[in-house]
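Here are the chains, one letter per residue:
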Amino acid sequence: MSEIKEISRENSSELYAKAKTYFPGGVNSPVRAFKSVYGTPLFIKKGDGAYLWDADDNQFIDFCGSWGPLILGHNHPAIREKVIEVMQNGMSFGAPTALENELAELILSNNRFIEKIRFVSSGTEAVMSAIRLARGYTKRDKILKFEGCYHGHVDALLVKAGSGLVTFGETSSAGVPKAFADETIVIALNDKEALTKAFGDFKDQIAAVIIEPIPANNGLLLQHQEFLQYLREVCTTNGTLLIFDEVISGFRVSFTGAAGLYNINPDIITYGKIIGGGLPVGAYGASAQIMSNVSPEGPVYQAGTLSGNPVAMAAGIAQLTELLKPGFYEDLNNKTKSFVNDILTFANQRNYPVNISHIGSIFWFAFDTTDTIRKAEDIDPHSMNRFKTMHQHLLNSGVYFGPSGYEVGFISAAHTMAILDTAKQAIFDSLNVVFAPSQPSSEGTALASKDDFRE
Ligand code: PLP
């Protein structure tokens, strides 16, 4: 295999040096800082379709997709044109607009799991509001979450499991009062026994169980449909609300997200990312009865200066309209399946220990295993060294993956088969490098966990 030349990072490095004088760590969201991979962050100046260009004019096939929102690829003309059209009339009014109705109608008339929705400006805000709603509705305080699920930087959810089967969370960030973490119970994914025990230990105290039904923030920890169904039943029996955090999976694995895919009806669903077409939008939705508790109709306060912002609504409307076209998800999911299967075949033929979990248009490389990983604790942190090598090789070959082995990859409608073939070749080459006899194995220093450097 021929040697790959290092891409130039001169301009990106200069921008990064400057950025470090402005922002903590030089970034406005931690994982962007490239702490878990080689080199320093690439500063991006342009995206179009499946491609990104950095400040040094390097071109990349992008599998990060702004961490999920860009299911149509970068700079999609339908979104761009709608945004420009709406912007002609001003950027924000702090008063209702017809655009909010239009986006709500698009969503609610195509989603049997929620009857009313509230728009906010980020996934974090959606989750934070959903938790408050669940607590206000049930008049209980405790929340149960799963180790390996990320729900934004909500205080009560910046917690990680302790050592027992069922534990109160330990804060995973400075600045989160212990008293907050004491209201959060953390258990492992895919573990019915722990779930049953938690409901026994905290009878009539748990307001909500929150889960990413497709956990995609700490690897891709695919859950059995049967486990999610069990979760639904346990919540119903105990008067606890089930929150599906579909900030990634919503509009990604199907228009109705994981709820639709698995045919499970949660009590509250949170959305973000795709819903805003690349602009800052989040949302939470539920039955009309549960949503009637939200202010000004009910006692649970929640508000936002830029909630339902017309420009952001326009981007969401344009993107979701494309997703509703017949065959959209079938095409995208089939493309992903064939891409992943070709890579797995390549790896299997060479006995490379790699597994690629995938669902819809989401995929994740797990190294040093060929098993499907379903729990955070089953990821070997040492295997992240393999990803680090792969990431470096791919960047130098014109393929951009999110800069952490705990992050998933996304395929968009703009990734044609020809583009995917080019990317596949680079991935084959990178696997040959990762598993070359001269490469150190994954033994050695374990990389920082996803907890430390998440987006
Ligand atoms: N929930 C999930 C499942 C997420 O993946 C994320 C972000 O990655 C969030 C919530 C937080 O969303 P945001 O980053 O828009 O605040």
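In what follows, the structure referred to is the one given above.
None of the values given here were measured: they were computed from a predicted structure.

A. Up close: the overall build of the protein. Scanning the protein from terminus to terminus reveals 13 helices and 17 strands. Along the first, second and third principal axes, the C-alpha atoms of the protein reach 65 × 55 × 45 Å. Per-residue burial over the protein gives 58% buried out of 455 residues. Put simply, of all contacts in the protein between residues at least 6 apart along the chain, 73% involve residues at least 24 apart. In the form shown here, the protein has an accessible surface area of approximately 18600 Å², with 50% of it arising from carbon and sulfur atoms. Each charge sign in the protein was given a centre, from 38 positive and 49 negative side chains, and these centres are 2 Å apart.

B. Seen up close, the site of the ligand. Neighbouring the ligand are the residues Ser-122, Gly-123, Thr-124, Tyr-150, His-151, Gly-152, Glu-212, Asn-217, Asp-245, Val-247, Ile-248 and Lys-273. The side chain of Asn-217 places a nitrogen or oxygen atom 2.8 Å from an oxygen atom of the ligand. Notes on the ligand: free accessible area 390 Å², of which the protein chains cover 86%. Within the shell around the ligand, the residues separate by chemical class into 3 nonpolar, 6 polar and 3 charged.

C. Region of the structure containing the nonpolar core. Core analysis: the largest hydrophobic core is formed by 120 residues, its most contacted members being Phe-146 and Leu-431. There are two domains that each give this core at least three residues, and those are domain 1 (10-63 + 327-434) and domain 2 (77-323). Once residues within four sequence positions are removed from consideration, Leu-431 is found in contact with Ile-343, Phe-346, Ala-347, Tyr-352, Val-354, Phe-367 and Met-390. By size, the runner-up hydrophobic cluster in this structure holds 22 residues, among which are Ala-130, Ile-243, Tyr-284 and Ala-286.

D. Structural context of the sheet that holds strand β5 (residues 142-147). Strand order across the open sheet formed by 8 strands is β4-β13-β12-β11-β10-β5-β9-β7, with mixed pairing between neighbours. Of all the strands in the sheet, just β4 (116-120) and β7 (167-168) have a single pairing partner and so form its edges. Summarising the sheet, strand β12 (residues 268-271) and strand β13 (residues 282-286) pair through 4 bridges and their orientation is antiparallel. Bridged to Ile-268 within β13 is Ala-286. Across the sheet, helix α6 (residues 192-201) is in contact with β5, β9 (184-188) and β10 (206-211); its angle to β9 comes to roughly 160°.

E. The packing of aromatic side chains, seen in detail. If you walk through the whole model with that rule in mind, you get 20 aromatic pairs. A ring pair is formed by Phe-146 and Phe-227, whose centres lie 6.0 Å apart and whose planes are at 80°; its orientation type is edge-to-face. With a gap of 81 residues between them, Phe-146 in strand β5 and Phe-227 in helix α7 (residues 225-238) connect regions that are remote in the sequence. Side by side, Phe-146 and Phe-227 carry an identical accessibility label, which is buried. Each member of the aromatic cluster is reached from another via a ring pair, and the members are Phe-63, Phe-339, Phe-346, Tyr-352, Phe-363, Phe-365, Phe-367, Phe-401, Phe-428 and Phe-435. Across the ring face of Trp-53, the terminal group of Lys-46 is positioned such that the distance to the ring centre comes to 4.8 Å. Here Arg-350 stacks its cationic end above the ring of Phe-346, 3.8 Å away from the centre of that ring.

F. Spatial organisation of the state of the cysteines. Taken as a whole and assessed by the stated rule, the structure comprises 0 disulfides. For Cys-149, which is in no disulfide, the shortest distance to another cysteine sulfur is to Cys-235 and amounts to 13 Å. Residue Cys-149 is classed as buried on the basis of its relative accessible area, which comes to 4%. Using a relative accessible area of 0% as the deciding quantity, one classes Cys-235 as buried.

G. Helix α4 (residues 123-138), seen in detail. Over its 16 residues, α4 extends 22 Å from the first C-alpha to the last, a length consistent with the 22 Å expected when each residue adds 1.5 Å. Buried within α4 we find Gly-123, Thr-124, Glu-125, Ala-126, Val-127, Ser-129, Ala-130, Ile-131, Leu-133, Ala-134 and Thr-138. The distance from a side-chain oxygen at the start of α4 to the backbone nitrogen of Thr-124 is 3.4 Å, and the residue carrying that oxygen is Ser-122. A positive backbone phi angle near 55° is found at Lys-139, which sits one or two residues after α4.

H. Seen up close, helix α10 (residues 310-323). Taking 1.5 Å as the rise per residue, α10 with 14 residues should run 20 Å; its terminal C-alpha atoms sit 20 Å apart, in good agreement. Judged by how many residues are buried, α10 sits mostly within the fold: 13 of 14 residues are covered. Sitting at the head of α10, Asn-309 places a side-chain oxygen 3.0 Å from the backbone nitrogen of Val-311.

I. Molecular detail of unusual backbone geometry. Ser-295 connects to Pro-296 through a cis peptide bond whose omega is 10°. By the secondary structure assignment, Pro-296 is in the loop between α9 (288-291) and α10. In this structure, Lys-139 is a non-glycine residue whose phi angle is positive, near 55°. Examined against the element boundaries, Lys-139 turns out to sit in the loop between α4 and β5. The phi dihedral of Asp-204 is positive, around 60°, even though this residue is not glycine. Residue placement: Asp-204 occurs in the loop between α6 and β10.

What counts and what doesn't
- Residues numbered from 1 in each chain as written.
- Predicted model: local features only at pLDDT ≥ 70, side-chain atom pairs only at ≥ 80, totals over all residues.
- Heavy atoms only, no water.
- Helix = DSSP H or I, 4+ residues; strand = E, 2+ residues; numbered from the N terminus.
- Buried < 20%, exposed > 50% of the residue type's maximum accessible area, 1.4 Å probe, protein only.
- Contact = heavy atoms within 4.5 Å.
- Areas by Shrake-Rupley, 256 points an atom, 1.4 Å probe, with all protein chains shown as cover.
- Lys, Arg positive; Asp, Glu negative; His and termini not counted.
- Charge placed at Lys NZ, Arg CZ, Asp CG, Glu CD.
- Near = heavy atom within 4 Å.
- Polar contact = N/O pair within 3.5 Å; in protein donor to acceptor, adjacent residues only side chain to side chain.
- Nonpolar A, V, L, I, M, F, W, Y, C, P; charged D, E, K, R; others polar.
- Core = buried A, V, L, I, M, F, W, Y, C linked by side-chain atoms within 4.5 Å.
- Domains from an automatic or database assignment.
- Pairing = 2+ DSSP bridges.
- Axes fitted to C-alpha atoms, helices over the stretch in contact; angles between N-to-C directions.
- Phe/Tyr/Trp six-rings, centres within 6.5 Å; stacked < 30°, edge-to-face > 60°.
- Lys NZ or Arg CZ within 6 Å of the ring centre and 35° of its normal.
- Disulfide = S-S within 2.5 Å.
- Expected span 1.5 Å × (residues − 1).

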